[in-house]
Amino acid sequence: MIVIEDLRKNYGDRKVLDGVSFAMERRKITHILGTSGGGKSTLLKVMIGALKPDAGRIRYGDMEITNLQGRQLDPYRKKIGMLFQHGALINSLTVAENVGLPIREHTGLDDNIVKIMVKMKLEMVGLRDFEELYPAQLSGGMQKRVALARALALDPELVYFDEPTSGLDPIVASVITKLIADLNRLLGITCIVVTHAVEEAMRIADKIVILYRGKVLAQGTPGEIRESSDPLVQQFITGNPDGPISFRASSKDYREDLLIG
Amino acid sequence: MKIEIVSEKTDAGYLLKLKGDVDMSSSPEVRSALGEAFRQGKGARALFVDLSQVRYMDSSGIATLVEAMQTCMKQGARLRLIDLSPAVRDVFEMARLSSVFDIFASVSDAAKGL
């Protein structure tokens, strides 16, 4: 179980996380949805230990990770994988070298074993024939799959996915979504997916958490979210431009801002 | 100790029985035991690996078995895996290796036809 309790983070006067609390079960898929600027990315950074919250706690099992720093985070980071939004592959390394990098850095395994593991990870994402290519020679979707293979390199218990399907065509996006579901179903990997993609969440999530203006707007199973009577939730899941969620993120009055500054 | 390895010589070849978890910290030990079995059992028709008491195997464990299979092929021998637990079978399935290995329910089944 991953438990988030009353997380708070301000950027200047802006409350990006304003008392966020929820729990995610192990071996399940949780999608964290929200509008742009709703606090999703900040929450993700806090969850992976890259950003300290101003207040609140995060626990992973019996590990309190909120205030760990530097090497104190190693035991936690060995258990997690992360698929970054833009892949974050190293362009000067081949696909195989990128995927093998975490294994070579964190284990003393023989090079032949590492090579076999790399082949297995690439087979999982359907890219075994691409070992010797460089990231720049791959499409965006392929780069994302390589990045997923690298996230899986050390057999993590938990994988964080940051916008895994953004910028991908619908077929490739479906492939990534299916991969996430398979990783969870076959390997019991806990998957936490931060995304805008409502339909993807509805299809595979065990739990959906919707963030809005730094707070948890709603949480529940896809069915519960779909049935929500909250107009904000309905606007969010239907993507209706007209509704209580304004597309204007500025809080200052426009006239006042123009005339007084 | 995370892993216990018992090695036995049978009529058809060496049998390694693994007990415990095969992960990135213990798979090098399994690799050494396999290497020793290859040295001791050179010329044998098969190497059997009993996985009935392995509760968890990560991808380094599977890679170690793949490497053992490569060695077996070079030596003209067979690698036969015995009795995978559902958890281990799932890892094989996810790695799409169920069809690559010869998997049997028991040592006696595995020894047939050699």
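Please read these numbers as outputs of a predicted model, since none were measured by experiment.

> Explain the sheet that holds strand β6 (residues 80-83) of chain A to me, using residue names and the numbers behind them.
Adjacent strands of a sheet pair through backbone hydrogen bonds, lying either parallel or antiparallel. Residues and elements named next belong to chain A. Ordered by their spatial adjacency, six strands build an open sheet running β6-β7-β8-β3-β9-β10, and the pairing between neighbours is mixed. Edge positions in the open sheet fall to β6 and β10 (215-220), since each of these has one partner strand only. Each strand axis lies, on average, 15 degrees off the axis of its neighbour in the sheet, ignoring direction. When strand β7 (residues 158-162) meets strand β8 (residues 190-195), the two strands line up parallel, connected through five bridges. Looking across to β8, one finds that L158 is bridged to T190. Docked against the sheet, helix α1 (residues 40-47) engages β3 (29-34), β6, β7, β8 and β9 (207-212), running at close to 140 degrees with respect to β3. Along the sheet face, helix α9 (residues 231-238) touches β3, β9 and β10 and points at about 105 degrees away from the line of β9.

> Account for the interface of chain B and chain A, with residues named and values stated.
Across the boundary between the two partners, chain B contributes 21 residues, which contact 18 residues of chain A. Of the roughly 1,600 Å² buried where chain B meets chain A, counting both sides, 70% is carbon and sulfur surface. Area buried by chain B at its contact with chain A is led by M24, S59 and M94 of chain B, which between them contribute 40% of it. In this structure, the connection of chain B to chain A is made through one salt bridge. For the salt bridge of D110 of chain A with R31 of chain B, the shortest nitrogen-to-oxygen distance reads 3.2 Å. It is helix α2 (residues 59-75) of chain B that provides the largest number of residues to the side of chain B that touches chain A, a total of eight residues. Here the residues of the side of chain B that touches chain A are counted per class, giving 10 nonpolar, five polar and six charged.

> I'd like a rundown of a nonpolar patch on the surface, residues and numbers included.
Residue and element names in this part refer to chain A. A surface patch of nonpolar side chains, about 540 Å² in accessible area, is lined by Y254, L258, L259 and I260. Looking at the element boundaries, Y254 is found in helix α10 (residues 254-259). On the basis of relative accessibility, which here comes to 62%, the residue Y254 falls in the exposed class.

> Describe unusual backbone geometry, with residues and values.
Phi angles above zero are rare outside glycine, and R213 of chain A is one such case at about 50 degrees. Residue classification places R213 of chain A among the exposed positions, given a relative accessible area of 54%.

> Account for the packing of aromatic side chains, with residues named and values stated.
All names here are of chain A. One pass over the structure, following the stated rule, counts two aromatic pairs over all chains. Between the aromatic rings of Y60 and Y76, the centroid separation amounts to 5.8 Å while the plane-to-plane angle is 65 degrees, which identifies the pairing as edge-to-face. Here Y60, found in strand β4 (residues 55-60), pairs with Y76, found in helix α2 (residues 74-77); they are 16 residues apart in sequence, far enough to count as distant. In this structure, Y60 and Y76 share a single accessibility class: buried. A cation over an aromatic ring shows up here: R26 above the ring of Y60, its NZ or CZ 4.4 Å from the ring centre.

> Any chance you could break down the sheet that holds strand β5 (residues 102-104) of chain B for me, citing the residues and the numbers?
All names here are of chain B. With mixed pairing, the five strands of this open sheet are ordered in space as β1-β2-β3-β4-β5. Because the sheet does not close on itself, it has two edges, and the strands there are β1 (3-9) and β5. Each adjacent strand pair in this sheet contributes to an overall mean axis angle of 25 degrees, direction not counted. As defined by bridge partners, strand β3 (residues 46-57) adjoins strand β4 (residues 78-82) across five bridges and the pair is classed as parallel. Along β4, the bridge assignment pairs F48 with R80. Across the sheet, α2 lies against β2 (13-22), β3 and β4, angled at about 175 degrees from β3, the strand it touches most. Of the strands in this sheet, β3, β4 and β5 are in contact with helix α3 (residues 86-94), which crosses β3 at around 105 degrees.

Rules and cut-offs
Residues numbered from 1 in each chain as written. Chains lettered and ligands numbered in written order. Predicted model: local features only at pLDDT ≥ 70, side-chain atom pairs only at ≥ 80, totals over all residues. Heavy atoms only, no water. Pairing = 2+ DSSP bridges. Helix = DSSP H or I, 4+ residues; strand = E, 2+ residues; numbered from the N terminus. Axes fitted to C-alpha atoms, helices over the stretch in contact; angles between N-to-C directions. Contact = heavy atoms within 4.5 Å. Buried area = accessible area lost by both parts, 1.4 Å probe. Salt bridge = Lys/Arg side-chain N within 4 Å of Asp/Glu carboxyl O. Nonpolar A, V, L, I, M, F, W, Y, C, P; charged D, E, K, R; others polar. Patch = residues over 30% accessible without salt bridge, like charges linked within 9 Å, V, L, I, M, F, W, Y side chains within 5 Å. Areas by Shrake-Rupley, 256 points an atom, 1.4 Å probe, with all protein chains shown as cover. Buried < 20%, exposed > 50% of the residue type's maximum accessible area, 1.4 Å probe, protein only. Phe/Tyr/Trp six-rings, centres within 6.5 Å; stacked < 30°, edge-to-face > 60°. Lys NZ or Arg CZ within 6 Å of the ring centre and 35° of its normal.

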